[in-house]
Amino acid sequence: MLETLSLLEVKNLTTRFDLNEGILSRPYARVHAVENISFEIKRGETLSLVGESGCGKTTTGRTILGLEKATAGDIIFEGKSVLNYTRQERQEFCRSVQMIFQDPYSSLNPRMSVRDILSEPIHVHKLYAGKAIESRVSDLLRHVNLDPEFASRYPHEFSGGQRQRISIARALALDPKLIVCDEAVSALDVTIKAQVINLLMDLQSEFNLSFLFISHDMAVVERISHRVAVMYLGRIVEIGPRKAIFENPTHDYTKKLLSAVPVADPNLRRTERTLATDEIPSAVRPLDYAPPSVTYEEVAAGHFVAIETA
């Protein structure tokens, strides 16, 4: 059951990157990767951030984790601003928020055994010692439905789906409260993808985890989400409960995304399909560019749609 209090609040978050040139490396343009977005995630909730490549969804996740620096706005975790953390609070935040990356082949160190991969964060944060670490590694493998005997093996000995399960086990090692899943199943075959999605949902139920699920796959998003936020050119253009987004898409871009989702049953296919075949404009802007103001209209309970005002 979802709790009413927010675990994470993102308020007017903006992340921009300067493009430099010349001997003095002076900025000549700026990438508006994330532009003034706000959302919240409750305990035990999955918020999916969806959109095409380049829309800013991965940058959003990386900014929340501190892997990218926010240009403006605030990130509030458990009621306190992440941007004002002390060193000790930052370390605790790193324990509480973990990430699962897209590529199960490059996200695991090929020179480390599974035991070393899973025990490394435990050693760094000094959570267990001695035989307790070995017991913890075995428990983590069981949680992701892998044999504890696999601990002595290396990443190249596993399939892509098994490697991603190991990545999930590593994310669980520090007992996190929030996991950012960055295209965590996009590299997997359809059957394995479904298994991993079910695993994530089971783990969420067992440990009351929250997920920020970053994806472009609307079919996967419909399966795993409680709420959905649609991003376009660095902005959230529509956000609301999963059912509202999929059954009553209001923004033109959301409609195009859903129109591109293949439907196997001919009786369920929409007669009109507006495929998103046009190119997304560049997010690179001149240094003096001022983004238009955006307000949000509530079209139903908890369902908001962006409207440009200037």
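It should be noted that the structure appears before, not after, this text.
Since the structure is predicted, the reported quantities are computational estimates derived from the model, not experimental observations.

K.L.:
Describe the packing of helix α3 (residues 114-125) against helix α4 (residues 131-143), with residues and values.
P.N.:
Direction vectors running N to C along α3 and α4 enclose 115 degrees, while the axes themselves pass 10 Å from each other. Here α3 and α4 pass one another in a crossing that is right-handed. Between α3 and α4, the contacting residues are Val114, Arg115, Leu118, Ser119, Ile122 and His123 on the first element and Ile133, Glu134, Arg136, Val137, Leu140 and Leu141 on the second. Broken down by class, the residue content of the contact of α3 with α4 amounts to 7 nonpolar, 2 polar and 3 charged.

K.L.:
Give me unusual backbone geometry: which residues, what numbers.
P.N.:
Phi is positive for serine 25, which is not a glycine, with a value near 55 degrees. Looking at the secondary structure, you find serine 25 in the loop between β1 (6-21) and β2 (26-42). Of note in this structure, lysine 126 is not a glycine but carries a positive phi near 55 degrees. Considering the arrangement of structural elements, one finds lysine 126 in the loop between α3 and α4.

K.L.:
For the pairing of strand β6 (residues 97-100), give the residues involved together with the corresponding values.
P.N.:
Because side chains alternate across β6, one face comprises the buried residues Val97 and Met99, and the other comprises Gln98 and Ile100, equally buried. By the bridge criterion, 4 bridges tie β6 to strand β7 (residues 178-182) in an arrangement that is parallel. Residue pairing in the sheet places isoleucine 100 in a bridge with cysteine 181 of β7.

K.L.:
Please give an account of the side chain of arginine 163 that cites residues and values.
P.N.:
Topologically, arginine 163 is positioned in helix α5 (residues 160-172). Within the buried core, arginine 163 has no salt-bridge partner, and the shortest N-O distance to an opposite charge, that of aspartate 103, equals 6.8 Å. The contacts of arginine 163, once residues within four sequence positions are left out, are Pro104, Tyr105, Leu108, Pro155, His156 and Phe158.

About the thresholds
Residues numbered from 1 in each chain as written. Predicted model: local features only at pLDDT ≥ 70, side-chain atom pairs only at ≥ 80, totals over all residues. Heavy atoms only, no water. Axes fitted to C-alpha atoms, helices over the stretch in contact; angles between N-to-C directions. Helix = DSSP H or I, 4+ residues; strand = E, 2+ residues; numbered from the N terminus. Left-handed = near helix turned anticlockwise from the far one by under 90°. Contact = heavy atoms within 4.5 Å. Nonpolar A, V, L, I, M, F, W, Y, C, P; charged D, E, K, R; others polar. Buried < 20%, exposed > 50% of the residue type's maximum accessible area, 1.4 Å probe, protein only. Pairing = 2+ DSSP bridges. Lys, Arg positive; Asp, Glu negative; His and termini not counted. Salt bridge = Lys/Arg side-chain N within 4 Å of Asp/Glu carboxyl O.

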